[in-house]
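Examining the three-dimensional arrangement
Each chain, written out:
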Amino acid sequence: MPRRGSEPDEAIGPVLDGFAALPEYEDAPVPDIFQVNEIAAPEEELLPVAVPAQGEDIAHPVALICGYNEDAAAMASLAADCGFEVELAINAETAEVDCPAATQIHCVPDYDNLVGICGIERNYFVCIFEDDMLECEVLLSQALASDACYLGLSAGAQKKDEIFAALRADGAPDAELAAVCCPMGLNIRPKNSVEKAVGIVAELLAARGGTLKRLRHEPRPGKA
């Protein structure tokens, strides 16, 4: 499978922004938003991107939570209340977890074959909460090669830099990594797990509605 984000910047830029590419000459007709892909690149070269175009309808959205902690538990409950089907992926060696909001709990040994076991498709919003850095690399590497419309990683600045550096060394292009929302969640300066969940689920809703790029335009200070 070709890697997400491997197309040139001039092709992926308009799609990631969720806006049509406007012609440079004056008084030209503005192309319809659904024709952006035709302008950006030949159809056979198009790749899935992490953020859907503005106005795209994501039917039956699934929030796939990878790893489980207090923040993940709060996010799962709120995501379910907001119309997402919640699924949980845990390492098979992890102790049993109690997640009432989850409709399915996938035991994925060593997080190998995450996409196949969980059936990740375009309607999946992958949220990585694992603490272990190596497991985050394994999860993110697989999620990047999937069709998931959203990829989020719960990590501070230092952890993010180390994980991204390892993925670049394995061949992940910068354009692909740029599609990952890290730190995960809109910048609402959360003070606890419930407030973090509000920011994360708001980000999922924005991704589903095609407005995420504008909301994340202002970078938030990283936390090591």
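Please read all numbers here as calculations on a predicted model, not as lab measurements.

Structural notes on helix H8 (residues 193–209)
- Here H8 contains 17 residues, and its C-alpha end-to-end distance of 24 Å stays within 8% of the 24 Å for a straight helix at 1.5 Å per residue.
- Restricting attention to buried positions, one finds in H8 the residues Ser-193, Ala-197, Gly-199, Ile-200, Val-201, Glu-203, Leu-204, Ala-206 and Ala-207.
- The N-terminus of H8 is capped by Asn-192, whose side-chain oxygen sits 3.2 Å from the backbone nitrogen of Val-194.

Some points on the pattern of salt bridges
- Here the structure, examined in full by the defined rule, presents two salt bridges.
- A salt bridge links Asp-174 to Arg-168, with the nearest nitrogen and oxygen atoms 2.5 Å apart.

Considering the sheet that holds strand S2 (residues 85–90)
- Read from one edge of the open sheet, five strands run S3-S2-S1-S4-S5, paired in parallel fashion. Of all the strands in the sheet, just strand S3 (102–107) and strand S5 (150–153) have a single pairing partner and so form its edges. In this sheet, neighbouring strand axes are inclined to one another by 20° on average, regardless of whether the strands run parallel or antiparallel.
- Summarising the sheet, strand S1 (residues 62–66) and strand S4 (residues 124–128) pair through five bridges and their orientation is parallel. Considered in S4, the bridge of Cys-66 is made with Ile-128.
- Strands S1, S4 and S5 of the sheet are contacted by H8, whose axis makes an angle of about 150° with S4.

Thoughts on the nonpolar core
- If you look at the biggest cluster of nonpolar residues, it comprises 56 residues, and the most contacted ones within it are Met-75, Val-126, Leu-140, Tyr-150 and Leu-153.
- Discounting chain neighbours no more than four positions away, the residues touching Leu-153 are Ile-128, Cys-136, Leu-140, Ile-163, Phe-164, Val-180, Cys-181, Cys-182, Pro-183 and Met-184.

As for the packing of helix H3 (residues 70–81) against H8
- Packing of H3 against H8 brings their axes to within 8 Å, and their N-to-C directions diverge by 50°. Relative to H8, H3 is oriented oblique. In this structure, the crossing between H3 and H8 has a hand that is right-handed. Residues Glu-70, Asp-71, Ala-74, Met-75, Leu-78 and Ala-79 of H3 pack against Ser-193, Val-194, Lys-196, Ala-197, Val-198, Ile-200, Val-201 and Leu-204 of H8.
- Split by residue class, the contact of H3 with H8 holds 10 nonpolar, one polar and three charged.

About the thresholds
Residues numbered from 1 in each chain as written. Predicted model: local features only at pLDDT ≥ 70, side-chain atom pairs only at ≥ 80, totals over all residues. Heavy atoms only, no water. Helix = DSSP H or I, 4+ residues; strand = E, 2+ residues; numbered from the N terminus. Expected span 1.5 Å × (residues − 1). Buried < 20%, exposed > 50% of the residue type's maximum accessible area, 1.4 Å probe, protein only. Polar contact = N/O pair within 3.5 Å; in protein donor to acceptor, adjacent residues only side chain to side chain. Salt bridge = Lys/Arg side-chain N within 4 Å of Asp/Glu carboxyl O. Pairing = 2+ DSSP bridges. Axes fitted to C-alpha atoms, helices over the stretch in contact; angles between N-to-C directions. Contact = heavy atoms within 4.5 Å. Core = buried A, V, L, I, M, F, W, Y, C linked by side-chain atoms within 4.5 Å. Parallel < 35°, antiparallel > 145°, perpendicular 65-115°, else oblique. Left-handed = near helix turned anticlockwise from the far one by under 90°. Nonpolar A, V, L, I, M, F, W, Y, C, P; charged D, E, K, R; others polar.

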